[in-house]
Amino acid sequence: MQTVSENRAFGGVQGVYTHASDACACDMTFGLFLPEEAKDAPVPVLFYLSGLTCTHENAMTKAGAQGWAAEQGVAVVFPDTSPRGAEVADDESYDLGQGAGFYVNATEMPWARHYRMWDYVAEELPALIGAHFAVDPERQAITGHSMGGHGALTLAMGLPGRYRSVSAFAPIAHPSAAEWGRKQLRAYLGEDETAWRPHDAALTMRDRGLDAPLLVDQGTADPHIDKLRPEALAEAMAACRVDGALRLRKGYDHSYFFVASFMEEHLRFHAEALYA
């Protein structure tokens, strides 16, 4: 692992690091904010998964998470959204290939060699961070925006007991029935739609429910709301009587202005569960 940069921030350190990834068979980059408390003891950790076209840097610089994380004594990890490099398969469209890993383990060529973002986020990156930084692997939470909200929800339901809390900003909630989803799931996982089901939050919620508290925020002025299908997630949450809330935020869109507006509430929500 190599250090790209480390900057003092809110009493802690915002770092950027690269490493050779076995899961993705390429070099990967991630950001990590460590609060001041990490100098003395391991701290709980929140994974923030970003959306389409993003790198590790978008949320790290635009979401406003560090100040609130410092206040709560929580580390925040900002993974990349896909494998990258000259040898990594890509597509001309913005919503497939590099920058659009969808947090799945691809089974179809040419994607299968590198696009194993589920394993990367679920296993490899937490192990790497736990081995090199003062974070507590027993106290993890997860959140994300858009495609990253999809990833946060499906990872939490697919790994019961892993995360103490889950949240999402404008998640792609029902991808197997939406423009943002069918294209990518077909490309990465093939034509058999039964293989897509564990990566559809609304369907998986109905199948498995969720064993952690959940908070979802969705802007009513989001121009992509028809691709996100929040109503499908709300119906599944109600059907399974999940301990959670889906809040419609009047006038907010899909941007990082929306994310930053409610980041404090999400950090407080996670800190309550992580320090319980």
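All figures in this text were calculated on a predicted structure; none of them were measured in a lab.

### Examining the pattern of salt bridges
In step 1: Evaluation of the coordinates by the stated rule reveals 14 salt bridges.
In step 2: The residue aspartate 207 makes a salt bridge to arginine 197 at a minimum N-O spacing of 2.6 Å. Here aspartate 207, found in helix 6 (residues 201–208), pairs with arginine 197, found in the loop between helix 5 (179–189) and helix 6; they are 10 residues apart in sequence, far enough to count as distant.
In step 3: Under the relative-accessibility criterion, aspartate 207 is labelled partly exposed at 45%.
In step 4: Of the residues examined, arginine 197 reaches a relative accessible area of 35% and is grouped as partly exposed.
In step 5: Salt bridges linked by common partners bring Asp217, Arg247, Arg249 and Glu265 together as one network.

### Quick notes on the sheet that holds strand 8 (residues 214–219)
In step 1: With respect to topology, 9 strands assemble into an open sheet ordered 1-2-3-5-4-6-7-8-9, the strand pairing being mixed. Each edge of the sheet is formed by a strand with only one pairing partner; in this case those strands are strand 1 (2–9) and strand 9 (244–249). Averaged over all adjacent pairs, the angle separating strand axes in this sheet is 20°, with direction ignored.
In step 2: Bridge count for strand 7 (residues 163–169) against strand 8 is 4 bridges, and the pairing is parallel. Paired with phenylalanine 169 across the bridge in strand 8 is aspartate 217.

### A look at helix 4 (residues 147–158)
In step 1: The end-to-end C-alpha distance of helix 4, which contains 12 residues, comes to 16 Å, matching closely the 16 Å that a straight helix rising 1.5 Å per residue would cover.
In step 2: Taken across its 12 residues, helix 4 has 11 buried, putting it largely inside the fold.
In step 3: Listed as buried for helix 4 are Met147, Gly148, Gly149, His150, Gly151, Ala152, Leu153, Thr154, Leu155, Ala156 and Met157.

### Re the side chain of glutamine 140
In step 1: By secondary structure assignment, the location of glutamine 140 is in strand 6 (residues 135–144).
In step 2: A distance of 3.1 Å separates a polar atom in the side chain of glutamine 140 from the backbone oxygen of proline 137.
In step 3: Not counting chain neighbours up to four residues away, the residues in contact with glutamine 140 comprise Val45, Phe47, Pro126, Arg162, Tyr163, Arg164, Ser165 and Leu274.

### Some thoughts on unusual backbone geometry
In step 1: Residue proline 110 is bonded to the preceding methionine 109 through a cis peptide linkage, with omega at 5°.
In step 2: Along the chain, proline 110 turns up in the loop between strand 5 (75–79) and helix 3 (117–132).
In step 3: Even without being glycine, phenylalanine 102 reaches a positive phi, approximately 60°.
In step 4: Its location among the elements puts phenylalanine 102 in the loop between strand 5 and helix 3.

### Overview of the packing of aromatic side chains
Any pair of aromatic rings gets described here by the distance separating the centres and the angle formed by the planes.
In step 1: Within the structure shown, the criterion is met by 10 aromatic pairs.
In step 2: Aromatic side chains tryptophan 111 and tyrosine 115 sit 5.2 Å apart centroid to centroid with 90° between the ring planes, which places their arrangement in the edge-to-face category.
In step 3: Residue tryptophan 111 is classed as buried on the basis of its relative accessible area, which comes to 6%.
In step 4: You can call tyrosine 115 buried: its relative accessible area is 0%.
In step 5: Each ring, one from tyrosine 252 and one from phenylalanine 262, has its centre 4.9 Å from the other, and the planes form 65°; the classification is edge-to-face. On the criterion of sequence distance, the pair formed by tyrosine 252 in the loop between strand 9 and helix 9 (256–274) and phenylalanine 262 in helix 9 is long-range, its members being 10 residues apart.
In step 6: By relative accessible area, phenylalanine 262 is classed as buried at 6%.
In step 7: Ring pairing ties together the aromatic residues Phe169, Tyr252, Phe258 and Phe262, which thus form one cluster.
In step 8: Positioned above the aromatic ring of tyrosine 163, the side-chain terminus of arginine 162 is 5.9 Å from the ring centre.

Cut-offs applied
Residues numbered from 1 in each chain as written. Predicted model: local features only at pLDDT ≥ 70, side-chain atom pairs only at ≥ 80, totals over all residues. Heavy atoms only, no water. Salt bridge = Lys/Arg side-chain N within 4 Å of Asp/Glu carboxyl O. Helix = DSSP H or I, 4+ residues; strand = E, 2+ residues; numbered from the N terminus. Buried < 20%, exposed > 50% of the residue type's maximum accessible area, 1.4 Å probe, protein only. Pairing = 2+ DSSP bridges. Axes fitted to C-alpha atoms, helices over the stretch in contact; angles between N-to-C directions. Expected span 1.5 Å × (residues − 1). Polar contact = N/O pair within 3.5 Å; in protein donor to acceptor, adjacent residues only side chain to side chain. Contact = heavy atoms within 4.5 Å. Phe/Tyr/Trp six-rings, centres within 6.5 Å; stacked < 30°, edge-to-face > 60°. Lys NZ or Arg CZ within 6 Å of the ring centre and 35° of its normal.

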